[in-house]
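Breakdown of the fold
This is what each chain is made of:
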Amino acid sequence: MNYVLQSGKKLSEKKFCSYIERKVFKTIRKYKLIERKDKIAVACSGGKDSNTTLFLLNKFALQNNIPRPEALAIEEAKFRKKLLFELKRFCDSLGIELHVFSFKKEFGFFLDQKLRKIKSLGFSNCYVCSILKRYLLNKKARELGFTKVATGHSLDDAAENFLLNLLKGNAELLAKEGPLAGVRSHPFFVQRIKPLYFCSTKEIIHYSKIKKIPASLKVCPLRTLTIRVEVRKWLEKMEKKHQGVKNAIVNCMLKILPFLKQTYSDSEILECKKCGEPSASGQCKACFLLEKLL
Ligand SMILES: [Zn+2]
């Protein structure tokens, strides 16, 4: 099936795949996302974005004769089991190693066992899940000797994050955007990279179908209605009406990003008094949440 680009140009399946690969590999080179000395982990949820990231980084490594990526997955709730089983099969088919860490083993509970507690504390499931998942990914990636963690963030996610942080008035979070995430480095932080930063969700779905990359398109069953979901729906509506707005948002953001990064470049990173992980204050967000949840 042909794919129609924003410019109106039609691409055959073969041409579309080389267009995506060129775009992703160019992002990697332009932003120096991967260097020869790097050991790359891909944070995999079993969804289309992260599976496609793993597939493309593997291809990039083979083409450039550099070490191949490995997959890191978090089992945050019981429903993830089936997806992880499929992810394992996918990794095996590529000959890639998969490392799985579970909330239950690391924190003593699965997220679905704490839903009532999370609600009573006034948090959203997505907030708690993202903090704990990010914490675990960083810690485990570092312990396994990875120098970078690649995530499946797309152009749609980037546009969404930009608007979301604007609506929340959070300029410091905004400064962390970009294909090479973050503003400051710390020996305990594993650099995060986003190779699919300029690929739209629509493009990723099309590519993963052609390449037969197994991927769940299902929405997380624990997802709660957050402002993020509202922003996503609004952006979808805008994109349908005015094609190209997501692209425009991301391009605009990349122009102001260097100034924002500069502004926040000297804010201090401390270490959590409890677990020793890097944190903006004396206690990291994961320890703060765990204290309330346990
Ligand atoms: Zn901590």
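For the structure given in this document, a descriptive report is provided here.

Attention shifts here to the overall build of the protein. Secondary structure summary: the protein contains 12 helices and nine strands in total. Its C-alpha radius of gyration of 19 Å places the protein within 12% of the 19 Å reference for a compact globule of 294 residues. Principal-axis analysis of the C-alpha atoms places the extent of the protein at approximately 55 × 40 × 40 Å.

The pairing of strand β4 (residues 70–75) with strand β5 (residues 98–102) spans five bridges and is parallel. Pairing of Glu-75 across the sheet is with Ser-102, part of β5. In terms of handedness, the path from β4 via helix α3 (residues 80–94) over to β5 forms a crossover that is right-handed.

Pairing is parallel in the open sheet, where five strands are placed in the order β5-β4-β3-β6-β7. Of all strands in the sheet, those with a lone pairing partner are β5 and β7 (191–193), marking the two edges. Ignoring which end each strand starts from, the neighbouring axes of this sheet average 30° apart. Note that strand β3 (residues 40–43) and strand β6 (residues 148–150) share three bridges and pair parallel. Bridge pairing links Val-42 to Ala-150 in β6. Packing of helix α2 (residues 48–64) onto the sheet brings it into contact with β3, β4 and β6, and relative to β3 it is tilted by some 155°. α3 contacts β4 and β5 of the sheet and is inclined by roughly 170° relative to β4.

What follows covers unusual backbone geometry. Of note in this structure, Asn-65 is not a glycine but carries a positive phi near 55°. Mapped onto the elements of the fold, Asn-65 is located in the loop between α2 and β4. Using a count of 7 C-beta atoms within 10 Å as the deciding quantity, one classes Asn-65 as exposed. Positive phi values are uncommon outside glycine, yet Lys-212 reaches one of about 55°. Relative to the helices and strands, Lys-212 is located in the loop between α9 (201–210) and α10 (227–241).

Attention now moves to the environment of Phe-90. If you trace the backbone, Phe-90 turns up in helix α3. A count of 20 C-beta atoms within 10 Å places Phe-90 in the buried class. In this structure Phe-90 touches Asn-51 and Pro-214, once residues within four positions along its chain are discounted.

A word on the nonpolar core. Of all hydrophobic cores here, the largest spans 44 residues; its most connected members are Ala-41, Val-42, Ala-43, Cys-44, Leu-72 and Val-149. Considering each element in turn, this core owes the most residues, five residues, to α2. In contact with Cys-44, other than residues within four places in its own chain, are Ser-50, Asn-51, Leu-54, Ala-71, Leu-72, Ala-73 and Leu-87. Counting residues in each nonpolar core, the second largest holds 13 residues, with Val-128, Tyr-135, Cys-272 and Leu-290 among its members.

Before going further, it helps to spend a moment on the environment of Leu-132. Mapped onto the fold, Leu-132 is located in helix α6 (residues 125–143). For Leu-132, a count of 21 C-beta atoms within 10 Å corresponds to the buried category. In this structure the C-alpha to C-alpha distance between Leu-132 and Lys-26, which are 106 residues apart in sequence, comes to 32 Å. Beyond its immediate sequence surroundings of up to four residues, Leu-132 is in contact with Phe-103, Phe-107, Ala-286 and Leu-289.

As a further point, take the packing of helix α1 (residues 13–30) against α9. Helix packing geometry: the angle between the two helix axes and the distance between the axes. Close contact between α1 and α9 brings their axes to 10 Å; oriented N to C, the two are set at 120°. One element, α1, and the other, α9, form an angle in the oblique class. Handedness of the crossing formed by α1 with α9: left-handed. Across the interface between the two elements, Glu-13, Phe-16, Cys-17 and Ile-20 from α1 touch Glu-203, His-206, Tyr-207 and Ile-210 from α9. The residue inventory of the contact of α1 with α9, partitioned by class, reads five nonpolar, one polar and two charged.

Criteria and thresholds
- Residues numbered from 1 in each chain as written.
- Predicted model: local features only at pLDDT ≥ 70, side-chain atom pairs only at ≥ 80, totals over all residues.
- Helix = DSSP H or I, 4+ residues; strand = E, 2+ residues; numbered from the N terminus.
- Rg over C-alpha atoms; globule rule 2.2 N^0.38 Å.
- Pairing = 2+ DSSP bridges.
- Right-handed = clockwise from strand over helix to strand, strands pointing away.
- Axes fitted to C-alpha atoms, helices over the stretch in contact; angles between N-to-C directions.
- Contact = placed C-beta atoms within 7 Å.
- Buried ≥ 20, exposed ≤ 12 C-beta atoms within 10 Å, placed from the backbone.
- Core = buried A, V, L, I, M, F, W, Y, C linked by C-beta atoms within 7 Å.
- Parallel < 35°, antiparallel > 145°, perpendicular 65-115°, else oblique.
- Left-handed = near helix turned anticlockwise from the far one by under 90°.
- Nonpolar A, V, L, I, M, F, W, Y, C, P; charged D, E, K, R; others polar.

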